[in-house]
Amino acid sequence: MPAAGTDPSTSITPRPQPVVPPIYQTVNFRLDETSYDDIRATGGLNEYWYSRFGNPTVDAAGAEIARLEGAEAGLMTSSGMAAIAVVLLTLLKAGDRMVAARELYGDTRDLLERDLRQLGITVDLVGAADLDGWRQAVGRAPVAVLYAESISNPQLRLLDVPALADLAHGAGARLIVDNTFATPLLIRPLEHGADVVIDSVTKFLNGHSDVTAGCISSGRAHIQQFQRRVITLGGSLDPHAAFLISRALCTVGLRLDRQMSTAARVAEFLTSRPDVTDVIYPGLPAYPQRELAARLLPAGRAGGMVTFVVQGGNQRGYDMMRRLRVLTEATSLGGVETLVSMPITSSQFNLSEKELTEAGIPPGMVRLSIGIEDPEDIISDLAQALDASLR
Ligand SMILES: *Cc1c(COP(=O)(O)O)cnc(C)c1O
């Protein structure tokens, strides 16, 4: 088959210019004598030849997410965890020390506490919002990496990114921020001094609950180092998944506008319920880090996640979830459908009772990931499920 654009049988569009970029669903690319010197000189990073090294469809998605994050470059990976593992295994070696937030995605915490420790890397954990704790931990011994999530799961604590970036750089360390819950539409950590940003693209950025992917956004030199790790560890993304992501990114602004405005309304509704003992949403006047929220978040926007605590503990929480008709009981977040889960049996299933208390997860805590349904449908479904579970 002739290469695209060189078919001599047609003179209509010798070089098609598609509005939607094509899917390069190919493992390899044709080489010629000019390719080999370049591959040898650059380690194969500068030329499309084998898709684990690079693929135009995958790179297009990475470039778009980097643009959203305000980064020089972006690198797609096969999952958010692949992105986190690649970054940490590149920036840390045996004998190094990292300081991380205690409030972390469960598998990230496992990676730190099991895999990295096993490789001889010291990991110290501090409360994400405890600036004095960070200062003390950083001052105690040499440190290579500070790691935290810009908005923590499920407590929705905000990270003081500018303060942490100063602290990291003063100690000769790098600040890595997992921006999955916030998304670059809410916070751009690189603009506040972070060195590397990771997104689980599986969540809000793809937003349709049909692709697992990650992205690393940073400066070009860092991204090249990470690219070498993706090549050797094998965490590259499939071109078709990348195509779906690029398609989803066309609507990420629209989706998040809707998700955030609905989340604010749902949070307000929940505060009006006497049988809901706590509502955590960074846009509420009662939000504990209100001053930081005003500094870091754009006016009127506070994300698409809402966490609340029902009176009656875990049993009431489960009972309430089972009575929902519009909302879907499932793990994960960021999709167009509203998802509900209880952290103790989903994102934090692996924590002990003591760790749950330390992490600020009381009995009866429910987490909502707001979708794009009619806000009234979401609120009335929650109202009927809360009412029904009271009886
Ligand atoms: C889901 C998630 C991850 C992991 O992403 P995957 O795409 O599932 O590998 C990492 N961090 C946070 C905050 C997440 O929510």
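A quick note: this is a predicted structure, and the numbers were derived from the prediction, not measured.

Undergrad: So what exactly am I meant to see when it comes to the site of the ligand here?
TA: Residues in contact with the ligand amount to 14 residues; listed here are only the nearest, G80, M81, D178, T202 and K203. A distance of 2.8 Å is found between an oxygen atom of the ligand and a backbone nitrogen or oxygen belonging to M81. Here an oxygen atom of the ligand sits 2.8 Å away from a polar atom, N or O, in the side chain of K203. Relative to its unbound accessible area of 390 Å², the ligand is 93% covered by the protein chains.

Undergrad: Explain the packing of helix 2 (residues 56-69) against helix 8 (residues 239-249) here, please?
TA: Interhelical geometry of helix 2 versus helix 8 gives an angle of 35° and a closest axis separation of 8 Å. Considering only the axes of helix 2 and helix 8, their crossing is left-handed. Of helix 8, the residues touching helix 2 (which contributes T57, V58, A60, A61, E64, I65 and L68) are P239, A242, F243, I245, S246 and L249. Looking at the contact of helix 2 with helix 8, its residues break down into 10 nonpolar, 2 polar and 1 charged.

Undergrad: I would appreciate a short explanation of the pairing of strand 7 (residues 214-218) in the present structure.
TA: Counted residue by residue, strand 7 has 5 buried out of 5 residues, so it is predominantly covered. Of the two faces of strand 7, the one holding G214, I216 and S218 and the one holding C215 and S217 are both buried throughout. Bridge analysis of strand 1 (residues 73-77) against strand 7 gives 5 bridges, and the strand direction is antiparallel. In the strand pairing of strand 7, G74 is matched with S217. As paired strands, strand 6 (residues 196-200) and strand 7 are joined by 4 bridges and run antiparallel to one another. Of the residues in strand 7, the one forming a bridge with V197 is S217.

Undergrad: Can you help me understand the nonpolar core in this one?
TA: Looking at soluble globular proteins, one finds that nonpolar side chains tend to be buried together. Judged by nonpolar contacts, the single largest core of 71 residues is most densely connected at M76, I245, L270, F308, L368 and L382. Looking at this core element by element, the count peaks at 8 residues for helix 9 (residues 252-271). If we ignore the near neighbours within four places in the chain, the residues touching I245 are A61, I65, M76, V201, N206, V211, A213 and L237. The next biggest cluster of nonpolar side chains, apart from the first, holds 49 residues, and it includes V87, V143, L159 and L175.

Rules and cut-offs
Residues numbered from 1 in each chain as written. Predicted model: local features only at pLDDT ≥ 70, side-chain atom pairs only at ≥ 80, totals over all residues. Heavy atoms only, no water. Near = heavy atom within 4 Å. Polar contact = N/O pair within 3.5 Å; in protein donor to acceptor, adjacent residues only side chain to side chain. Areas by Shrake-Rupley, 256 points an atom, 1.4 Å probe, with all protein chains shown as cover. Axes fitted to C-alpha atoms, helices over the stretch in contact; angles between N-to-C directions. Helix = DSSP H or I, 4+ residues; strand = E, 2+ residues; numbered from the N terminus. Left-handed = near helix turned anticlockwise from the far one by under 90°. Contact = heavy atoms within 4.5 Å. Nonpolar A, V, L, I, M, F, W, Y, C, P; charged D, E, K, R; others polar. Buried < 20%, exposed > 50% of the residue type's maximum accessible area, 1.4 Å probe, protein only. Pairing = 2+ DSSP bridges. Core = buried A, V, L, I, M, F, W, Y, C linked by side-chain atoms within 4.5 Å.

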